[in-house]
Amino acid sequence: MNELFIPILLGTARQDRLSEKAARFTHKLFSKRSDVETELLDVRDYLTDRSWAPWQENDMSKKWKEIMARADGLIIVTPEYNHGYPGELKILIDKADTEYAHKPVAFCGVSGGGLGGARVVQQLTEIVRNLSMVSIVPSVYFPHIKTLFNGAGEITDPAYERRLDELFEELLWWATALKNAR
Ligand SMILES: Cc1cc2nc3c(=O)[nH]c(=O)nc-3n(C[C@H](O)[C@H](O)[C@H](O)COP(=O)(O)O)c2cc1C
């Protein structure tokens, strides 16, 4: 069994979401590593749950808290909507609290424009700080998402493998250090 468990969360439930391509690409690369166990999580699976305060327990929120309690870190892949985060991502984040503490989080931003979600990543760094998470650098940005992946879902720019590898290395360094400290 792998020592570290770090899931990847796709942060939008929007119909026809293009961020799914970035999330699947990130998951495929991260899954190749033998030093970490990962899983692709989807905000869509939590959409019908109205109990987003951490103390309002039901099966869905319980499941989320269990995943986060087990996790040694998190990668969030999220698009930018009006310079901000998707509402459903914030609601899901709000379902847990202490389960996140002293764990690293890495961000992948997605956008139709040229900034690759830099503004949504900046916003989320302020939120995860309140959960005692460590927001790591680098982030990876997927701009011009409509053309960055081809029709078959393959990325058209080979530099992304290296960029994501750098993110993974840093995330795993923090995940190991913080796991030992916890
Ligand atoms: C409501 C809405 C707001 C958007 N705001 C921004 C924005 O602020 N900056 C940007 O670069 N793109 C913006 N876009 C374009 C999205 O980043 C682009 O559609 C991208 O595909 C969104 O990811 P998704 O397909 O996974 O939903 C917006 C799109 C929507 C639907």
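Residues numbered from 1 in each chain as written. Predicted model: local features only at pLDDT ≥ 70, side-chain atom pairs only at ≥ 80, totals over all residues. Heavy atoms only, no water.

Trainee: Could you clarify how one ought to interpret the overall build of the protein in this entry?
Mentor: Helices and strands together make up the secondary structure of the protein, namely six helices and six strands. Listed N to C, the secondary structure of the protein is β-α-β-α-β-α-β-α-β-β-α-α in terms of helices and strands. If you line up the protein on its principal axes, its C-alpha atoms span 40 × 35 × 25 Å. When the 182 residues of the protein are sorted by exposure, 49% land in the buried category. Within the protein, contacts between residues separated by at least 24 positions form 79% of all contacts whose residues are at least 6 apart in sequence. Of the accessible surface of the protein, which amounts to about 9200 Å², a share of 50% is contributed by carbon and sulfur atoms. (Helix = DSSP H or I, 4+ residues; strand = E, 2+ residues; numbered from the N terminus. Buried < 20%, exposed > 50% of the residue type's maximum accessible area, 1.4 Å probe, protein only. Contact = heavy atoms within 4.5 Å. Areas by Shrake-Rupley, 256 points an atom, 1.4 Å probe, with all protein chains shown as cover.)

Trainee: Before we go on, may I ask you to explain the site of the ligand in this structure?
Mentor: Around the ligand there are 15 residues in total, and Arg14, Leu18, Ser19, Tyr81 and Asn82 lie nearest to it. Interatomic distance of 2.7 Å between a backbone N/O atom of Asn82 and a nitrogen atom of the ligand. The protein chains hide 73% of the 600 Å² of surface that the ligand would expose on its own. (Near = heavy atom within 4 Å. Polar contact = N/O pair within 3.5 Å; in protein donor to acceptor, adjacent residues only side chain to side chain.)

Trainee: I would appreciate a short explanation of the packing of helix α1 (residues 19-31) against helix α6 (residues 159-181) in the present structure.
Mentor: A pair of packed helices is characterised by two quantities: the angle between their axes and the separation of those axes. Where α1 contacts α6, the axes come no closer than 11 Å and their chain directions differ by 60°. Crossing of α1 over α6 shows right-handed handedness. Contacts between α1 and α6 involve Phe25, Thr26, Leu29 and Phe30 on the former and, on the latter, Tyr160, Glu161, Leu164, Phe168, Leu171 and Leu172. Split into classes, the residues belonging to the contact of α1 with α6 amount to eight nonpolar, one polar and one charged. (Axes fitted to C-alpha atoms, helices over the stretch in contact; angles between N-to-C directions. Left-handed = near helix turned anticlockwise from the far one by under 90°. Nonpolar A, V, L, I, M, F, W, Y, C, P; charged D, E, K, R; others polar.)

Trainee: Could you clarify how one ought to interpret the packing of aromatic side chains in this entry?
Mentor: Describing an aromatic ring pair means giving the distance of the ring centres and the angle of the ring planes. Tallying each qualifying case throughout the model produces six aromatic pairs. With a centroid separation of 4.9 Å and 15° between ring planes, the pair formed by Phe142 and Tyr160 is classed as stacked. With Phe142 in strand β6 (residues 140-142) and Tyr160 in helix α6, this residue pair connects regions lying 18 residues apart in the sequence. A residue is classified by how much of its surface remains accessible, and Tyr160, at 4% relative accessible area, is buried. Here Trp173 and Trp174 contribute two aromatic rings whose centre-to-centre distance is 5.2 Å and whose plane-to-plane angle is 80°, an arrangement assigned as edge-to-face. Classification of Trp173 as exposed rests on a relative accessible area of 53%. Residue class for Trp174 comes out partly exposed when judged on its relative accessible area of 27%. (Phe/Tyr/Trp six-rings, centres within 6.5 Å; stacked < 30°, edge-to-face > 60°.)

Trainee: Mind showing me how you'd approach the side chain of Thr26 here?
Mentor: On the secondary structure map, Thr26 appears in helix α1. When neighbours within four sequence positions are excluded, Thr26 is seen to be in contact with Ile8, Ile75, Val77, Cys108, Phe142, Leu164 and Phe168.

Trainee: Whenever I open this one, α6 confuses me. Can you help?
Mentor: Owing to its 3.6 residues per turn, the α-helix brings residues three or four apart onto one side. For α6, which comprises 23 residues, the first-to-last C-alpha distance of 34 Å matches the rise-based estimate of 33 Å (1.5 Å per residue) to within 8%. Three or more residues of α6 are buried, namely Ala159, Tyr160, Leu164, Leu167, Phe168, Leu171, Leu172, Ala175 and Leu178. In the core, the buried residues of α6 are packed alongside α1, β3 (74-79), β4 (104-110), β5 (134-135), β6 and α5 (145-148). (Expected span 1.5 Å × (residues − 1).)

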